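Residue-level listing of the chains:
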Amino acid sequence: AQSVTQPDIHITVSEGASLELRCNYSYGATPYLFWYVQSPGQGLQLLLKYFSGDTLVQGIKGFEAEFKRSQSSFNLRKPSVHWSDAAEYFCAVAGNSGYSTLTFGKGTMLLVSP
Amino acid sequence: DTAVSQTPKYLVTQMGNDKSIKCEQNLGHDTMYWYKQDSKKFLKIMFSYNNKELIINETVPNRFSPKSPDKAHLNLHINSLELGDSAVYFCASSQDPGGHGYTFGSGTRLTVV
């Protein structure tokens, strides 16, 4: 069974500083990987996804993530955080064949300090 | 036009009642889902439908009954509501049953009192 671990429940970053949110997954083959963002009281917005190819994936709002098979990781990064980035971030994994659904991590709450 | 729309956005009801949440997508997707987000923000799949047929049921109590009248709609009916059913329910659709092109609705916050 697939699973996702986001080891940090919450992270505080100063505005303008760089950000890295950690995500580790468990899956028997190469998975499909996603990062979603959820602002308070809002739905889920897809930031980026990895299916295959280049392991460095660019997303919306200046985010990027790198797939590292050897570490079973898919960490999310942003070089300079803005106050509007404060939100809950979810990493998710899906199988790469047949019927599959998203398995989410428990989320990381990003707080941005002035 | 909203791609995946859920109604209602908020639902407050008493224990023991029966309620429904509706979901419609106008993306032409074949696959639709219900996810539940609990009070700790943990998101978990409940059901998956492909072309109106149930393909995944993740050991959800049988008080929860999804219904798909056509592939653009997936409604969720809940009988005999319990306090523990309080959560945010998200509908989603995908262009393929592998779930690789998800679009989520904005969620329905259900509060059982």
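Residues numbered from 1 in each chain as written. Chains lettered and ligands numbered in written order. Predicted model: local features only at pLDDT ≥ 70, side-chain atom pairs only at ≥ 80, totals over all residues. Heavy atoms only, no water.

Asks: So what exactly am I meant to see when it comes to the overall build of chain A here?
Replies: Looking only at helices and strands, one finds 0 helices and 12 strands in chain A. Counting helices and strands in the order they occur from the N terminus, chain A gives β-β-β-β-β-β-β-β-β-β-β-β. Since a compact globule built from 114 residues should have a radius of gyration of about 13 Å, the 14 Å found for chain A is in line with a globular shape. In terms of principal-axis extent, the alpha carbons of chain A reach across some 45 × 30 × 20 Å. Counting all 114 residues of chain A, 46% fall into the buried class. Of all intrachain contacts in chain A linking residues separated by at least 6 positions in sequence, the fraction that spans at least 24 positions is 54%. Here chain A displays about 5400 Å² of accessible surface, and carbon together with sulfur accounts for 50% of that area. In chain A, which carries 8 positive and 8 negative side-chain charges, the distance between the mean positions of the two groups comes to 6 Å. (Helix = DSSP H or I, 4+ residues; strand = E, 2+ residues; numbered from the N terminus. Rg over C-alpha atoms; globule rule 2.2 N^0.38 Å. Buried < 20%, exposed > 50% of the residue type's maximum accessible area, 1.4 Å probe, protein only. Contact = heavy atoms within 4.5 Å. Areas by Shrake-Rupley, 256 points an atom, 1.4 Å probe, with all protein chains shown as cover. Lys, Arg positive; Asp, Glu negative; His and termini not counted. Charge placed at Lys NZ, Arg CZ, Asp CG, Glu CD.)

Asks: Honestly, the environment of Asp85(B) in this entry has me stumped. Any pointers?
Replies: Residue and element names in this part refer to chain B. Mapped onto the secondary structure, Asp-85 falls in the loop between β8 (73-78) and β9 (87-94). Residue classification places Asp-85 among the buried residues on the basis of a relative accessible area of 4%. Distance from Asp-85 to Ser-106, taken between C-alpha atoms, is 18 Å for residues 21 residues apart in sequence. Excluding residues within four positions of it along the chain, Asp-85 makes contact with Lys-36, Arg-63, Phe-64, Ile-78, Ser-80, Leu-110 and Val-112. Engagement of the side chain of Asp-85 in a polar contact is seen with the side chain of Arg-63, the distance being 2.8 Å. (Polar contact = N/O pair within 3.5 Å; in protein donor to acceptor, adjacent residues only side chain to side chain.)

Asks: Which parts of the structure should I look at to understand the sheet that holds strand β3 (residues 19-25) of chain B?
Replies: Paired through backbone hydrogen bonds, the strands of a sheet run either parallel or antiparallel to each other. Residue and element names in this part refer to chain B. Here we have 4 strands laid out as an open sheet, ordered β1-β3-β8-β7, and antiparallel in their pairing. Strand pairing shows two members of the sheet lacking a second neighbour, β1 (4-7) and β7 (64-70), which therefore form its edges. Each strand axis lies, on average, 20° off the axis of its neighbour in the sheet, ignoring direction. As paired elements, β3 and β8 share 4 bridges and run antiparallel to each other. Looking across to β8, one finds that Lys-19 is bridged to Ile-78. (Pairing = 2+ DSSP bridges. Axes fitted to C-alpha atoms, helices over the stretch in contact; angles between N-to-C directions.)

Asks: Looking at this structure, how should I read the pairing of strand β9 (residues 73-78) of chain A?
Replies: One face of the sheet, then the other: side chains in a regular strand alternate in exactly this way. All names here are of chain A. Burial within β9 is extensive, with 5 of its 6 residues counted as buried. Here 5 bridges tie strand β8 (residues 64-68) to β9, and the two strands are oriented antiparallel to one another. Opposite Ala-65, over in β9, you have Leu-76 as the bridge partner. Between the antiparallel neighbours β8 and β9 lie 4 residues, among them Ser-72 with a positive phi of about 50°.

Asks: Is there a simple way to explain the state of the cysteines in this structure?
Replies: The term disulfide refers to a covalent linkage connecting the sulfur atoms of a pair of cysteines. On inspection of all chains with the given rule, the structure shows 2 disulfides over all chains. Across a sulfur-sulfur distance of 1.9 Å, Cys23(A) and Cys91(A) are joined as a disulfide pair. Its S-S torsion of about -65° marks the bond between Cys23(A) and Cys91(A) as left-handed, since a negative value means left-handed. With Cys23(A) in the loop between β3 (19-21) and β4 (24-26) and Cys91(A) in strand β10 (residues 87-94), this pair connects stretches of sequence that are 68 residues apart. In terms of burial, Cys23(A) and Cys91(A) fall into one category: buried. Between the sulfur atoms of Cys23(B) and its disulfide mate Cys91(B) the distance is 1.8 Å. Residues Cys23(B) and Cys91(B) are joined through a disulfide that is left-handed, its torsion about the S-S bond being -80°. Taken as a pair, Cys23(B) in strand β3 and Cys91(B) in strand β9 lie far apart in primary sequence, 68 residues in all. For the pair shown, Cys23(B) and Cys91(B) are each scored as buried. (Disulfide = S-S within 2.5 Å.)

Asks: Hey, could you run me through the pairing of β8(B) in this one?
Replies: Residue and element names in this part refer to chain B. One ladder, built from 5 bridges, connects β7 with β8; its direction is antiparallel. Residue Asp-70 lies in a different strand from β8, and its bridge partner there is His-73. The hairpin turn running from β7 into β8, its antiparallel successor, is 2 residues long.

Bear in mind that shape data such as this cannot, by itself, settle questions of function.
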